[in-house]
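# Architecture and fold: a report
This is what each chain is made of:
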Amino acid sequence: MTPATLGSWAVEDEQDLGDGQRLMIINMGPQHPSTHGVMRIVLTLDGETIVHADPVIGYLHRGVEKIGETRRYSQFTPWTDRTDYVAAPLNNLGYILTVEKLCGIVAPERAQYIRVLMAECSRIASHLVWLGTHALDIGALSMVLYTFTEREKLLDIFEDFCGARLTTNMMEIGGFSRSLKQTTIVQIENFLKTFPAAIQDFMDLLDDNPIWIARTRGVGVIEPDVALDYGLTGACLRGSGINYDIRKAQPYLIYDRMDFEVPLGTQGDVYDRYLVRVEEMRQAMRIIRQCLDQMPTDGPIMSNDSNYVIPPHDTVLRTAEDMQRHFVWVIKGFNAPKGEVYMAIEHSKGELGHYIVSDGTNTPYRLRIRTPDFVNLQVLPYMAEGAMLADSVALIGTIDIVLGSVDR
Amino acid sequence: MADDQAPAGAETPESGLDLLAGARLVEPAHDMTGIAKINSVWVTSGYWGPLSEEMHPAIVALRAAFPDEVEQVVFFRDEVTLIVKAQKLIEMCLLLRDDPELSYRMLTDLTAVDMLRMRSAPRFDVVVTLYSVKNRQRLRLKTAIDEQQACPSLTAVWSAANWLERECYDMFGITFAGHPDLRRMLLAEDWDEGHPLRKDYPMRGYKPYVEPGFEEGAAPRIKDFRRL
């Protein structure tokens, strides 16, 4: 047990530079509405200009990685909902795919389509939360009402599909045990009909709004080299013009069959990242449309023939082998092969990677969650240096953080 | 069905202690009849580069420039892991970043694994995952660090290493030599209970949780009934 070495965390009120110049040090947060949760930023101010910003995180740290080491592979899925509670299905997907890669399972085609469908719905829902709260921070107070109205429809779709709205826990190792109902498909179709007009409304409200442009254009510019240096992913990287979308660069599931485009920014400022995310919502709609059109109407949704997945319910009732498999699966789980895997998916916020080291038992030896917003948040001091105090809320919002995901 | 057995091909290697020694043997051994053949990600190659020590450009370049540093190359599930020595980690990373052919310009992840239950020494593995936007390839470097040993800091190579190394220090107590600002990342600044992701750290901490305000002789609220 080594004692923690304390840095200079104590906050002084003022710092005298001589010649009548003073730097003021203030705390922003941890209880501040525009930090999107519980984050504290220690701001050093020269007048209204930010000299230095030091984000202090960890207020929502629950030790998810430690918990993952004591839970069996299939027991950990509910925890992934709670890391990023705004896009729970995407988090499920990232973890499930990593376990499947470790065990060498491939989900059936139809299950992959349903996964992509739900992942893209979740991406839109996450972007809607981001757009509403980001605009709310900057001062467009009505946006949050419109975006949350649309998000409500997506949560209804999740509820219809899996029974839960926020912490969905919908993905399973090997596929799904419940199929996509016709009512869910109808709801998605209805959403696809109304959502383009809604997006157009958002853009009409914001795109040419002089206040929005004044608050976002030229603010928080990240150059492409800096974006790579800081390891940014997602819209933060693509807003700077670097073409890295994991769905295109390293396609997983059936994304290689989908026809969609990756929007790129040119300036790398807050406005570009806004445009990139709005366009991503449109592209996600295209993917949902193609999924509905291409999805096989029949076929298995759960990979069977494997020790790693839970046997289907009807064979559990009919055959002795599957009843035994089911019993063992429930009581002690499965032993994953020895080895280590890293699997990344394109989360709504960037690259969500899970790294599992397995020692051949039924729990991971080490489970690392590489959350996109933890790495993306690092760039905040770089962006904030020299910016105005009022811009700091725009800079926090543009990274798109969820503190549950940052702190894990 | 024998669920308590490991799947075929995943037997423990003879040497026992090293995690990845037998990793090459593991093949997916499942009957996929009845399931549509899918162009799966990890079956298609090219994501971690060619799966051969002679063909992979990063392995060739590192072997040429640092003949004694690369100890072992592991391929598992089409992933490439280089087990390297810690002494010249910064130089190796600079080569990987700046070589125009390799251009691993993005540090995706930096983390550590406490190998306490895997081997006797050294204690930790520091795991660095890189990505090359140009070649669309990933690469993983692993280096073993003992408890008293300091790992070279990669902050000079990638700015992204700053917080990731701070988190490593916070969670494992690994010191990074040359890090500009090594302090707690996620835990409280006055945390005095050590580093929670170490394997010898109990699941519920060293101290029983006491409701604030009831420190005087109050019983702990939650009994420590879980394992670990």
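The text that follows walks through the structure, step by step, so that each part is easy to find.

Rules used throughout
Residues numbered from 1 in each chain as written. Chains lettered and ligands numbered in written order. Predicted model: local features only at pLDDT ≥ 70, side-chain atom pairs only at ≥ 80, totals over all residues. Heavy atoms only, no water. Helix = DSSP H or I, 4+ residues; strand = E, 2+ residues; numbered from the N terminus. Rg over C-alpha atoms; globule rule 2.2 N^0.38 Å. Buried < 20%, exposed > 50% of the residue type's maximum accessible area, 1.4 Å probe, protein only. Contact = heavy atoms within 4.5 Å. Areas by Shrake-Rupley, 256 points an atom, 1.4 Å probe, with all protein chains shown as cover. Pairing = 2+ DSSP bridges. Axes fitted to C-alpha atoms, helices over the stretch in contact; angles between N-to-C directions. Parallel < 35°, antiparallel > 145°, perpendicular 65-115°, else oblique. Left-handed = near helix turned anticlockwise from the far one by under 90°. Nonpolar A, V, L, I, M, F, W, Y, C, P; charged D, E, K, R; others polar. Core = buried A, V, L, I, M, F, W, Y, C linked by side-chain atoms within 4.5 Å. Patch = residues over 30% accessible without salt bridge, like charges linked within 9 Å, V, L, I, M, F, W, Y side chains within 5 Å. Salt bridge = Lys/Arg side-chain N within 4 Å of Asp/Glu carboxyl O. Phe/Tyr/Trp six-rings, centres within 6.5 Å; stacked < 30°, edge-to-face > 60°. Lys NZ or Arg CZ within 6 Å of the ring centre and 35° of its normal.

So, about the overall build of chain A. Each helix and strand in chain A was counted, giving 17 helices and 7 strands. Over its C-alpha atoms chain A spans a radius of gyration of 23 Å, differing by no more than 12% from the 22 Å that the globule rule assigns to 408 residues. Projected onto its principal axes, the C-alpha positions of chain A cover 85 × 60 × 35 Å. Here chain A holds 408 residues, and the buried ones make up 64% of them. When contacts within chain A are restricted to residue pairs at least 6 apart in sequence, long-range pairs at least 24 apart make up 69% of them. A total of about 14,000 Å² of accessible surface is found on chain A, and carbon and sulfur atoms cover 54% of it.

Let's shift gears to the overall build of chain B. Check the secondary structure of chain B and you find 3 helices and 7 strands. In chain B, the succession of α and β elements from N to C terminus is α-β-β-α-β-β-β-β-α-β. Counting across all 228 residues of chain B, residues that qualify as buried make up 50%. Across chain B, contacts joining residues at least 24 apart in sequence account for 50% of those joining residues at least 6 apart.

Residue and element names in this part refer to chain B. The strand order across the open sheet built from 5 strands is 1-2-5-4-3, with neighbouring strands paired in mixed fashion. Each end of this open sheet is capped by a strand with a single partner; those strands are strand 1 (70-76) and strand 3 (106-114). Within the sheet, the average angular offset between the axes of one strand and its neighbour, ignoring direction, is 20°. Sheet topology note: the strand 4 (residues 124-132)/strand 5 (residues 137-145) ladder contains 9 bridges and is antiparallel. Paired with Y131 across the bridge in strand 5 is R138. In the packing of helix 2 (residues 89-98) onto the sheet, the strands contacted are strand 1, strand 2 (79-84), strand 4 and strand 5, and the crossing angle to strand 5 comes to about 175°. Each of strand 3 and strand 4 touches helix 3 (residues 161-172); the most contacted strand, strand 3, lies at about 10° to it.

Take the packing of helix 3 (residues 88-103) of chain A against helix 4 (residues 109-138) of chain A next. All names here are of chain A. Axis separation between helix 3 and helix 4 bottoms out at 7 Å; the angle between their running directions is 140°. In terms of their interaxial angle, helix 3 and helix 4 are classed as oblique. Viewed along their axes, helix 3 and helix 4 form a crossing whose handedness is left-handed. Facing A88, P89, L90, L93, I96, L97 and E100 of helix 3, the residues of helix 4 in contact are R115, M118, A119, S122 and R123. In terms of residue class, the contact of helix 3 with helix 4 is made up of 8 nonpolar, 1 polar and 3 charged.

Grouped together as the largest cluster of nonpolar side chains are 182 residues, with contacts concentrated most on I124 and F195 of chain A together with L141 of chain B. Broken down by element, the residue count for this core peaks at 15 residues, all from helix 4 of chain A. With near-sequence residues (within four places) excluded, F195 of chain A lies in contact with I124, L128, E150, F202, M281 and M285 of chain A.

Right, let's get into a nonpolar patch on the surface. Residue and element names in this part refer to chain A. On the surface, a nonpolar cluster with roughly 300 Å² of combined accessible area is contributed by F327, V330 and I331. Along the chain, V330 falls in helix 13 (residues 320-332). Exposure remark for V330: the relative accessible area of 38% places this residue in the partly exposed category.

A separate point is the sheet that holds strand 7 (residues 366-370) of chain A. Residues and elements named next belong to chain A. Spatial strand order, 5-6-7: 3 strands in an open sheet with antiparallel pairing. Lying at the two open borders of the sheet, with one neighbouring strand each, are strand 5 (339-347) and strand 7. Going from strand to strand, the sheet's axes swing by 10° on average, the running direction of each strand aside. As paired elements, strand 6 (residues 350-358) and strand 7 share 5 bridges and run antiparallel to each other. Following the sheet pairing, V357 is matched in strand 7 by R366. Sitting on the sheet, helix 3 is in contact with strand 5, strand 6 and strand 7, with an inclination near 150° to strand 5.

Next up on the list: the packing of aromatic side chains. Residues and elements named next belong to chain A. With the rule as written, the count across this model stands at 13 aromatic pairs over all chains. Pairing Y252 with Y255 gives two aromatic rings, centres 5.0 Å apart and planes at 70°, and the pair type is edge-to-face. Side by side, Y252 and Y255 carry an identical accessibility label, which is buried. Seen from their ring centres, Y255 and F260 are 6.3 Å apart, and the 65° between their planes marks the pair as edge-to-face. In this structure F260 comes out as buried when scored by relative accessible area, which is 2%. An aromatic cluster is built from Y73, Y308 and F334, whose rings are joined through pairwise contacts. For R217, the ring lying beneath its charged end belongs to Y271, and the centroid distance is 4.3 Å.

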